[in-house]
Amino acid sequence: MNEDIMLMKELVARLNDLAYRYYVLDDPIVSDKEYDVLYDKLCALEAKTGTVLNDSPTKRVGGEPLKSFEPHTHINRLYSLDKCNSFDELRAWFEKLSAALGKQPECTLEYKLDGLTICLTYRDGQLVSGATRGNGEVGENVTEQIKTVKSVPLSIPFKGTVEVQGEGIMRISALNAYNATAAVPLKNPRNAVAGAIRNLDVRETAKRNLDVVFYNVNYIDGQSLGSQTEQIEFLKNNRFKTGMFYKTNNIEQIIDQIQSVDKSALDFAIDGMVIKVDDAKVRGTLGYTDKFPKWAIAYKFEAEETTTVLRDVQWQVGRTGKLTPLAILDPVELCGATVKRATLNNYGDILRKDVKIGSRVFIRRSNDVIPEILGVAERGQNDVDIPKPTVCPCCGHELTEEGAHLFCLNFYGCRAQVVARIVQFCSKDCMDIDGVSIKTAEQLYDILGVRSPAELYDLTGEQLARIDGFKDKKISNFIKAVQDSKAADLPHFISALCIENVGKVTARALAEHFGSIDALSKASEDELTAIQDVGGIVAQSIVEYFSAHGELLAKYKALGIDPVYAQKSEGKFSGLKFVLTGALQQYTRGDAAKLIEQNGGIVQSSVSKLTDIVVAGENAGSKLERARALGKKIIDENQFKDMLNS
Ligand code: IVH
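Residues numbered from 1 in each chain as written. Predicted model: local features only at pLDDT ≥ 70, side-chain atom pairs only at ≥ 80, totals over all residues. Heavy atoms only, no water.

Enquirer: Would you mind showing me how to read the overall build of the chain here?
Expert: Scanning the chain from terminus to terminus reveals 24 helices and 22 strands. The C-alpha atoms of the chain give 33 Å as radius of gyration, which overshoots the globular expectation for 646 residues (26 Å, by more than 25%). In the chain, buried positions account for 47% of the 646 residues. (Helix = DSSP H or I, 4+ residues; strand = E, 2+ residues; numbered from the N terminus. Rg over C-alpha atoms; globule rule 2.2 N^0.38 Å. Buried < 20%, exposed > 50% of the residue type's maximum accessible area, 1.4 Å probe, protein only.)

And the structure:
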């Protein structure tokens, strides 16, 4: 028996050490499998002896749900932080301190983690309690929940009583992984962690894969810590996870550091930075206000998230016929702009987030993308369900449901989707036909009856003259651009087809792999998913597209649009950039471009510093002039032919 307990002690120490390497240092030293073998061995011994050691990792999985949260009184009060929103305010704070102290104090800089304050008490080296901050004096006892956090040590080398403070966080990668399969998605990392820690079902907490990052030793007996630096050292030596740390007595250096923080590169949310006077004695002379230490301040970043009321939902039809719900909001300020609309992604997303008209919702704006609704902040009294549309809001055609999405399959008769398809087809990243705005595309649909981008190739000058703003020069330029576009390369043409879930990057990968539309159109889902970055959903979209649109593809082929992918690295023009200008006699523009690409060259639409060779036909104009001005190699059609045949 005693031998078993000895063995258990060894196993627990070993497993805790391995977990520390993995979860705190991010530097595992064994495989998951090796860890599992030791863990299973420990489980077997625990079952055999009927004993579970205090710091056994098997305590991290969570047991029966708890009945309620017990109050927990902190040894020392947990203070909050004063805050500022600008560098001028931060400078003013620092100058005031410097004036009071007669010198510039050494200050530390840390992340202000955006989660939930956690306070842990250890006695005799064992974790005895974990609590939320509560009102600063009394919090809620969440010991069992905290034990599920694998980076929190269950035992530490320090044997006195110590109270340590940190921030409970959910990593963004953990949040995304959870949301990928969750019935109800988590709204943001802060809510996610608060909901997990304040959950009486501890098994649920364990599922969230939380972390705690420590920044404060709130109480310690038998030892005095002289500075923030020493606190962080103490925390590290006792195997706690700590965050970024920087120290200087120069406020401009602090500001430089803050400016260099790239929030989007972090796997956890921060809502600012915390600046603290380092030296404990200096802190002592500065003291506290009612709520805050005078020796620390939080510099808050501009919020990217707020709440507002959802008033209505409008459904928009995209180029693939997919309907996207657009939320109409009570206007609210966010990131220096007034936000009135946000996306709800799809119908399934509405159900998952359970948002209703009248609800107060969380909205988030990041990297200038259209704001997104994250979930409900508060239900309104008269909330009403968002009606599920049954017919297309644009053409009245009956909708088809596919997974979370609603589609209008009226491919040639739904104005919104045809217009969106024409605009996409003509865009720079596709066939590069200049001058087709949404308004132009609408007129092409309304006035000329264009129902597919393929019909652009048949338009006459007479017809185009009926479109606003289309005069002689513009008409001839447009017709020429349309004809020139037949030389588009395969990746651009695939992008132009508007296949559901196929963007620019996938289009290129498909072009490289299959080399032609013919080969791509015959590909099976299995062949498609074998390509890196093509998943099952994308593969299905591609197969469905080609099985539905054979006629359209035949029309493109008949028009002479049938690009072949040329491996850029091969051929006699390998890597050379060409511009074609003027009228060629022996080749169409499209054929010449195809020949260049088949030989590994690249065709550019305008002459730039990067251009290598300009092929000038008759009546070449401004491109030829620019090529001369830039001293580029200029060849005529015969020289081009010689190059090809050499
Ligand atoms: S120090 C006596 N440092 O921000 C000072 N707090 O707004 C105690 N927080 O309640 C706090 N990161 O939950 C400190 N590096 C950090 C922090 C931090 C996040 C949170 C903490 C605190 C709140 C104050």
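Enquirer: What's the story with the pairing of strand β19 (residues 577-581) in this structure? I'm lost.
Expert: Buried residues dominate β19, accounting for four of its five residues. Here β19 runs beside strand β20 (residues 602-604); their pairing, made up of three bridges, is parallel. Considered in β20, the bridge of Phe 578 is made with Val 603. Once you follow β19 into helix α22 (residues 589-598) and on to β20, the crossover reads as right-handed. (Pairing = 2+ DSSP bridges. Right-handed = clockwise from strand over helix to strand, strands pointing away.)

Enquirer: What should I look at first to understand the sheet that holds strand β3 (residues 107-113) in this one?
Expert: Strands pair in a sheet through their backbones, by hydrogen bonds, and they do so in one of two ways: parallel or antiparallel. Ordered by their spatial adjacency, five strands build an open sheet running β2-β11-β10-β3-β9, and the pairing between neighbours is mixed. Of all the strands in the sheet, just β2 (83-84) and β9 (246-248) have a single pairing partner and so form its edges. As judged from the seven bridges shared by β3 and strand β10 (residues 270-277), these two strands associate in the antiparallel manner. Bridge pairing in β10 links Cys 107 to Val 277.

Enquirer: Sorry, what's going on with the nonpolar core here?
Expert: Generally speaking, soluble globular proteins have nonpolar side chains that are buried together. Phe 425, Ile 433, Leu 444, Ile 494, Leu 510 and Tyr 556 are the most contacted members of the largest nonpolar core, which totals 55 residues. For this core, the secondary-structure elements that each account for two or more residues are α12 (415-426), α13 (438-446), α15 (472-484), α16 (490-496), α17 (504-514), α18 (517-521), α20 (536-548) and α21 (550-558). Discounting chain neighbours no more than four positions away, the residues touching Leu 444 are Ile 422, Val 436, Gly 449, Val 450, Leu 456, Leu 459, Leu 464 and Ile 467. In this structure, Leu 116, Val 164, Leu 175 and Ala 196 belong to the second largest nonpolar core, which totals 32 residues. (Core = buried A, V, L, I, M, F, W, Y, C linked by side-chain atoms within 4.5 Å. Contact = heavy atoms within 4.5 Å.)

Enquirer: How should the packing of aromatic side chains be read in this particular structure?
Expert: Pairs of aromatic rings are described using the distance from one ring centre to the other and the angle between the two planes. Scanning all chains against the criterion turns up 21 aromatic pairs. The interplanar angle of 80 degrees and the centroid separation of 5.2 Å between the aromatic rings of Phe 158 and Phe 234 together place this pair among those described as edge-to-face. Of this pair, Phe 158 sits in the loop between α4 (143-147) and β7 (162-169) while Phe 234 sits in helix α8 (residues 228-237), and the two are 76 residues apart along the sequence. Of the two residues, Phe 158 and Phe 234, neither departs from the other in class, the shared state being buried. Centre to centre, the rings of Tyr 587 and Phe 640 are 5.7 Å apart; their planes meet at 75 degrees, and the pair counts as edge-to-face. Taken together, the positions of Tyr 587 in the loop between β19 and α22 and Phe 640 in helix α24 (residues 637-645) put the pair 53 residues apart, joining distant regions of the chain. By relative accessible area, which is 15% here, Tyr 587 ends up buried. For Phe 640, a relative accessible area of 0% translates into the label buried. Chaining the aromatic ring pairs together yields one cluster made of Phe 425, Tyr 457, Phe 493 and Tyr 556. (Phe/Tyr/Trp six-rings, centres within 6.5 Å; stacked < 30°, edge-to-face > 60°.)

Enquirer: Can you walk me through the site of the ligand in this structure?
Expert: Taken together, 15 residues form the shell around the ligand, and within it Glu 110, Tyr 111, Lys 112, Thr 117 and Glu 167 come nearest. Leu 113 places a polar main-chain atom, nitrogen or oxygen, 3.1 Å from a nitrogen atom of the ligand. A distance of 3.2 Å separates an oxygen atom of the ligand from a polar atom in the side chain of Tyr 215. Contact with the protein chains covers 91% of the free accessible surface of the ligand, which is 530 Å². Among the elements that take part in the shell around the ligand, β3 stands out by supplying four residues, more than any other. (Near = heavy atom within 4 Å. Polar contact = N/O pair within 3.5 Å; in protein donor to acceptor, adjacent residues only side chain to side chain. Areas by Shrake-Rupley, 256 points an atom, 1.4 Å probe, with all protein chains shown as cover.)

Enquirer: Whenever I open this one, the environment of Arg 91 confuses me. Can you help?
Expert: For Arg 91, the location among the structural elements is in helix α3 (residues 87-101). The class for Arg 91 is partly exposed, based on a relative accessible area of 24%. The spatial distance from the C-alpha of Arg 91 to the C-alpha of Ile 255 is 8.9 Å, given a sequence separation of 164 residues. Aside from chain neighbours lying at most four places away, what touches Arg 91 is Ile 251, Glu 252 and Ile 255.

Enquirer: What should I look at first to understand the packing of α12 against α13 in this one?
Expert: The description of two packed helices rests on the angle between their axes and on the distance between the axes. Across the interface, α12 lies against α13 with an axial gap of 9 Å and an inter-helix angle of 125 degrees. Between α12 and α13, the interaxial angle falls into the category oblique. The handedness of the crossing between α12 and α13 comes out as right-handed. Between α12 and α13, the contacting residues are Arg 415, Val 418, Val 419, Ile 422 and Val 423 on the first element and Ile 438, Ala 441, Glu 442, Leu 444, Tyr 445 and Asp 446 on the second. Grouping the amino acids of the contact of α12 with α13 by side-chain chemistry returns eight nonpolar, no polar and three charged. (Axes fitted to C-alpha atoms, helices over the stretch in contact; angles between N-to-C directions. Parallel < 35°, antiparallel > 145°, perpendicular 65-115°, else oblique. Left-handed = near helix turned anticlockwise from the far one by under 90°. Nonpolar A, V, L, I, M, F, W, Y, C, P; charged D, E, K, R; others polar.)

Enquirer: I tried to follow the environment of Ile 156 on my own but got confused; where do I start?
Expert: Among the secondary structure elements, Ile 156 is positioned in the loop between α4 and β7. Given the relative accessible area of 4%, Ile 156 is considered buried. C-alpha separation for the pair Ile 156 and Ile 447, spaced 291 residues apart in sequence, amounts to 78 Å. Beyond its immediate stretch of four places on either side in the chain, Ile 156 contacts Tyr 122, Gly 125, Val 162, Asn 238 and Phe 240.

Enquirer: How should I be thinking about the sheet that holds strand β5 (residues 126-132) in this particular structure?
Expert: In space, the four strands of this open sheet follow the order β5-β4-β7-β8, with antiparallel pairing throughout. At either end of the open sheet lies a strand with only one pairing partner, and these are β5 and β8 (211-220). Here the average twist between neighbouring strands, direction ignored, is 25 degrees. Where strand β4 (residues 116-123) and β5 come together, six bridges link them in antiparallel fashion. Within β5, the position partnered with Thr 121 by the bridge is Ser 129. Contacting β4, β5 and β7, helix α6 (residues 189-197) crosses the sheet at an angle of about 40 degrees to β4.

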